[in-house]
Amino acid sequence: SLFGLPDQAPHERVLLAADEETGLKAILAVHSTARGPAFGGCRVWSYDNELAALNDALRLSQGMSLKNALANLPFGGGKAVILKPAVIKDRAALFAAFGRAVQSLEGAYITAEDVGTTTADMLGMQATTQFVSGIPRAGAFGGDPSPKTAYGVFVSIERGARLVLGRESLEGVRVALQGLGAVGWHLAEYLHKAGAKLVVADVDAAKVQRAQEQLGAQAVGINEILSADVDVLAPCALGASLNIQSIPTLKAKLIAGAANNQLATAADGDALQARGITYLPDYLVNAGGIISVAREYRGEGEENAVMAEVALIANRVAELLERVKSEGSTPGRVADAWARSLLVKPA
Ligand code: NAD
């Protein structure tokens, strides 16, 4: 554990950064640099208390190590959270202060977007740090990673539906989408185009209405979406949606979504397996965004090449399902061990 925090893997470094003038209070967590600099987004969120923020940063940071390793990226895992100030007086100044904190780690951590941050925030931060990605760049590849994340989840659902549900295409496959945000909306569009039947929920009624009007989606309440009568469940809101309360109510046979840390605990993965539900681990299927910002950061970006690299996630889904069969374990545990075996400098 880290300083007595329960269930947290040791981290290489954790920086607590504060700036009185802008109201910045941030946690920058570097889980592992074994594969290279720690790369992971920055979340802005209102937490119940500081310990909850620290826990979130550490869980997300460890998840980035696993995600980057499975995606074969030459980067380690890290993540930052900014505790959302009651009032943000000057957003640009807040992110400039955050950028200074990132810069102080001298490249051990590279930041990008996550929930609550935008491409504009990343663009502005360039004034105070060079260790930032996810920026629209004139004449070069870059920008919002969310569509790439959505594409990775889409190809995972497609492959999972074939291998787990025996469906050769997504035509007529019923998919429940929890959250129609930056990733969820793009995923909904991909699924609709492929002929899937969508059931959706979001706390934002305007997004739900748009999905009904533009994608023929059926709307259900936020308390009904997880137990909707569907083939596939795609959690694309926040973490811990798969837990002791929700698992007994699920009807989907396949789960694949963008949200980080969907399992409340590792034991919840076992509970899913016991119910005959195949869970494709979040950090395996939602790596499209980090693949995109990593390519951008290395200056290797080009739209088609990035999409081709993201599409490879489907092959890893197939490999995971093979490993699950041969090892007789659960997808969550197999992916975890597989990723941890890769937490070493790439050859
Ligand atoms: P977002 O904030 O744009 O979207 C989240 C959506 O979920 C919002 O529309 C919000 O209203 C909705 N929501 C919140 N609580 C809900 C609830 N209880 N029920 C239904 N809807 C609810 O965020 P995003 O960028 O789309 O990310 C979604 C998830 O995917 C997050 O967990 C994020 O960490 C993860 N993720 C995102 C990326 C990326 O590229 N953006 C990459 C990897 C992982």
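What you are looking at is a predicted structure, and each value in this text was computed from that prediction instead of being measured.

Per the secondary structure count, the chain includes 12 helices and 12 strands. At 19 Å, the chain has a C-alpha radius of gyration in line with the 20 Å of a compact globule built from 347 residues. Overall, the C-alpha framework of the chain stretches about 55 × 45 × 40 Å when taken along its three principal axes. Expressed as a percentage of the 347 residues in the chain, the buried residues total 55%.

Moving on, we come to the domain arrangement of the chain. Split into domains, the chain comes out as domain 1 (13-125) and domain 2 (146-286 + 315-341). Domain 1 and domain 2 are separated by 26 Å when their C-alpha centres are compared. Contact with domain 1, which involves 14 residues of that partner, is made by 14 residues of domain 2. Buried area between domain 1 and domain 2, both sides added, is near 1300 Å², and the carbon and sulfur share of it is 57%. Three residues stand out in domain 1 for area buried against domain 2, namely R59, L66 and L70, and they jointly supply 52% of the buried area on that side. Our enumeration of links across domain 1 and domain 2 arrives at 5 residue pairs in polar contact (both at pLDDT 80 or more). Listing elements by their share of the side of domain 1 that touches domain 2, those giving two or more residues are β4 (42-45) and α1 (50-70). The class makeup of the residues in the side of domain 1 that touches domain 2 is 7 nonpolar, 2 polar and 5 charged.

The subject of this paragraph is the site of the ligand. Taken together, 24 residues form the shell around the ligand, and within it T149, V183, D202, K207 and A237 come nearest. G181 is positioned such that a nitrogen or oxygen atom in its backbone is 3.5 Å from an oxygen atom of the ligand. Backbone polar atom of A182 to an oxygen atom of the ligand: 2.9 Å apart, as the coordinates give it. Protein chains bury 82% of the 830 Å² of accessible surface belonging to the ligand in isolation. Only α4 (146-165) and α5 (182-193) provide two or more residues apiece to the shell around the ligand.

Moving on, we come to the sheet that holds strand β9 (residues 218-219). The 6 strands lie next to each other as β9-β8-β7-β10-β11-β12, forming an open sheet whose pairing is parallel. For this open sheet the edge positions go to β9 and β12 (278-279), each flanked by a neighbour on one side alone. Pairing of strand β10 (residues 232-235) with strand β11 (residues 254-255), which is carried by 2 bridges, proceeds in the parallel orientation. Along β11, the bridge assignment pairs V232 with L254.

Before going further, it helps to examine the environment of S169. In this fold, S169 is placed in the loop between α4 and β7 (174-178). Residue S169 is classed as partly exposed on the basis of its relative accessible area, which comes to 37%. The sequence separation of S169 and A196 amounts to 27 residues, and the corresponding C-alpha distance is 8.9 Å.

This part is about the pattern of salt bridges. In the structure shown here, the tally under the stated rule is 16 salt bridges. Where E50 meets K25, a salt bridge forms, and the shortest distance between an N and an O atom there is 2.4 Å. Remark: K25 occurs in strand β2 (residues 24-32) and E50 occurs in helix α1; sequence separation between them is 25 residues. Given the relative accessible area of 39%, K25 is considered partly exposed. Ionic pairing is found between R43 and D114, a salt bridge with its closest N-O pair at 2.7 Å. Here R43 is found in strand β4, whereas its partner D114 is found in the loop between β6 (109-110) and α3 (119-125), with 71 residues between them in sequence. R43 sits in the buried class, given a relative accessible area of 8%. A single network of salt bridges, built from pairs that share partners, joins R43, D56, K79 and D114.

Moving on to the pairing of β4. Bridge analysis of β4 against strand β5 (residues 76-83) gives 4 bridges, and the strand direction is parallel. Note that in β5 the partner of R43 across the bridge is V81. Between the parallel pair β4 and β5, the chain is carried across by α1, and the sense of this crossover is right-handed.

Between α4 and helix α11 (residues 313-327), the least distance of the axes is 8 Å, while the angle of their chain directions is 35 degrees. As α4 packs across α11, the resulting crossing turns out to be right-handed. For the pair α4 and α11, the contacting residues are G152, V155, S156, R159, L163 and V164 in the first and I313, A314, N315, V317, A318 and L321 in the second. Here the contact of α4 with α11 is built from residues that sort into 8 nonpolar, 3 polar and 1 charged.

Cut-offs applied
- Residues numbered from 1 in each chain as written.
- Predicted model: local features only at pLDDT ≥ 70, side-chain atom pairs only at ≥ 80, totals over all residues.
- Heavy atoms only, no water.
- Helix = DSSP H or I, 4+ residues; strand = E, 2+ residues; numbered from the N terminus.
- Rg over C-alpha atoms; globule rule 2.2 N^0.38 Å.
- Buried < 20%, exposed > 50% of the residue type's maximum accessible area, 1.4 Å probe, protein only.
- Domains from an automatic or database assignment.
- Contact = heavy atoms within 4.5 Å.
- Buried area = accessible area lost by both parts, 1.4 Å probe.
- Polar contact = N/O pair within 3.5 Å; in protein donor to acceptor, adjacent residues only side chain to side chain.
- Nonpolar A, V, L, I, M, F, W, Y, C, P; charged D, E, K, R; others polar.
- Near = heavy atom within 4 Å.
- Areas by Shrake-Rupley, 256 points an atom, 1.4 Å probe, with all protein chains shown as cover.
- Pairing = 2+ DSSP bridges.
- Salt bridge = Lys/Arg side-chain N within 4 Å of Asp/Glu carboxyl O.
- Right-handed = clockwise from strand over helix to strand, strands pointing away.
- Axes fitted to C-alpha atoms, helices over the stretch in contact; angles between N-to-C directions.
- Left-handed = near helix turned anticlockwise from the far one by under 90°.

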